[in-house]
Amino acid sequence: APERFPADQPFSVHGYLAAMARLATVDSREAGAWIERLGLTPYRDVRLPEVSKGTAQKVGLAQALLRRPRLLVLDEPWEGLDAEAREIVPELVAEVLDAGGTVLASDHRRETARLPGATTWHLSEGTVARGRPARDDEMSVVEIAVPSAEVVDTVATLKAAGHQILRVRQP
């Protein structure tokens, strides 16, 4: 689903989801069920180019879930959603997982930790690592060993890069 629908998009929210249901060979009544579940009822007859970013995000979620996916890919699923809809995302993910599906979500807000059974991966300087990335306010302690002759230069380099030196141990 696009972040924004094209300005010449002729469909209303309901018309679009009903058409997507037919393409997915799903009963078009599913469109109405998702409209209700995701709080889209007030926008049912609004043309897609006229809806807000958050409403468009909900329409995209509904489209993705019309037929229970085996693989659900979510790109920034919380972006633009209101507080109530934000709480639905983990529920939807749990339902896909419970049905045997897999969910892959990208997230710059670090909200994926709220998802059931989440395994996080993060990319830093070309390296992919498993586990949750540290929050901006967290500190980690790293011990390094350098030749004694390089201690002064290494400490200066680390301080210049903004690192805090807790102590230097001599052998």
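Residues numbered from 1 in each chain as written. Predicted model: local features only at pLDDT ≥ 70, side-chain atom pairs only at ≥ 80, totals over all residues. Heavy atoms only, no water.

A. Representation of the pattern of salt bridges in the model. Scanning all chains against the criterion turns up 7 salt bridges. Asp27 serves as the salt-bridge partner of Arg29, at 2.5 Å between the closest nitrogen and oxygen. Glu95 serves as the salt-bridge partner of Arg37, at 2.5 Å between the closest nitrogen and oxygen. You can see Arg37 sitting in helix H2 (residues 29–37) and its partner Glu95 sitting in helix H4 (residues 83–98), a full 58 residues away along the chain. The exposure class of Glu95 is partly exposed, given its relative accessible area of 27%. (Salt bridge = Lys/Arg side-chain N within 4 Å of Asp/Glu carboxyl O. Helix = DSSP H or I, 4+ residues; strand = E, 2+ residues; numbered from the N terminus. Buried < 20%, exposed > 50% of the residue type's maximum accessible area, 1.4 Å probe, protein only.)

B. Spatial organisation of the nonpolar core. Within the largest apolar cluster, 33 residues are counted, with the highest numbers of intra-cluster contacts made by Val13, Leu17, Leu38 and Val59. Contributing elements (two or more residues each) for this core: helix H1 (13–23), H2, helix H3 (53–65), strand S1 (71–75) and H4. (Core = buried A, V, L, I, M, F, W, Y, C linked by side-chain atoms within 4.5 Å.)

C. Geometry of the pairing of strand S2 (residues 102–106). Note that S1 and S2 share 5 bridges and pair parallel. Among the inter-strand pairings, Leu72 is bridged to a residue of S2, identified as Val103. Taken together, S1, H4 and S2 constitute a β-α-β crossover, and its handedness is right-handed. (Pairing = 2+ DSSP bridges. Right-handed = clockwise from strand over helix to strand, strands pointing away.)

D. Structural view of H3. Its 13 residues give H3 an end-to-end C-alpha distance of 18 Å, which sits within 8% of 18 Å, the value for a rise of 1.5 Å per residue. With 10 of 13 residues buried, H3 is to be regarded as a mostly interior element. For H3, the full list of buried residues reads Gly54, Thr55, Ala56, Gln57, Lys58, Val59, Gly60, Leu61, Ala62 and Leu65. Elements in contact with the buried residues of H3: H1, H2, S1 and H4. (Expected span 1.5 Å × (residues − 1). Contact = heavy atoms within 4.5 Å.)

E. Spotlight on a nonpolar patch on the surface. A cluster of nonpolar residues, Leu71, Val73 and Leu104, forms a patch on the protein surface that exposes about 310 Å² of accessible area. Turning to its location among the elements, Leu71 is positioned in strand S1. (Patch = residues over 30% accessible without salt bridge, like charges linked within 9 Å, V, L, I, M, F, W, Y side chains within 5 Å. Areas by Shrake-Rupley, 256 points an atom, 1.4 Å probe, with all protein chains shown as cover.)

F. Looking closely at helix H5 (residues 151–160). Turning to H5, its buried residues are Val151, Thr154 and Val155. An end-on view of H5 places all buried positions within 100° of arc, on one side of the element. Facing away from the buried side of H5, by more than 90 degrees, are the exposed residues Val152, Asp153, Thr157 and Ala160. At the C-terminal side of H5, Gly162 shows a positive phi close to 95°. (Arc of directions from axis to C-beta.)

G. Summary view of the environment of Pro116. Mapped onto the elements, Pro116 comes out in the loop between S2 and strand S3 (121–124). With relative accessibility at 31%, the residue Pro116 sits in the partly exposed group. Considering only alpha carbons, one finds Pro116 and Glu95, 21 residues apart in sequence, at a separation of 9.8 Å. When residues no more than four places from it in sequence are discounted, the contact partners of Pro116 are Pro90, Val93, Ala94 and Leu97.

H. Inspection of the packing of aromatic side chains at higher detail. Inspection of every chain in the model, using the stated rule, returns 1 aromatic pair. Seen from their ring centres, Phe11 and Tyr16 are 6.1 Å apart, and the 65° between their planes marks the pair as edge-to-face. Classification of Phe11 as partly exposed rests on a relative accessible area of 31%. Classification of Tyr16 by relative accessible area gives buried; the value is 8%. (Phe/Tyr/Trp six-rings, centres within 6.5 Å; stacked < 30°, edge-to-face > 60°.)

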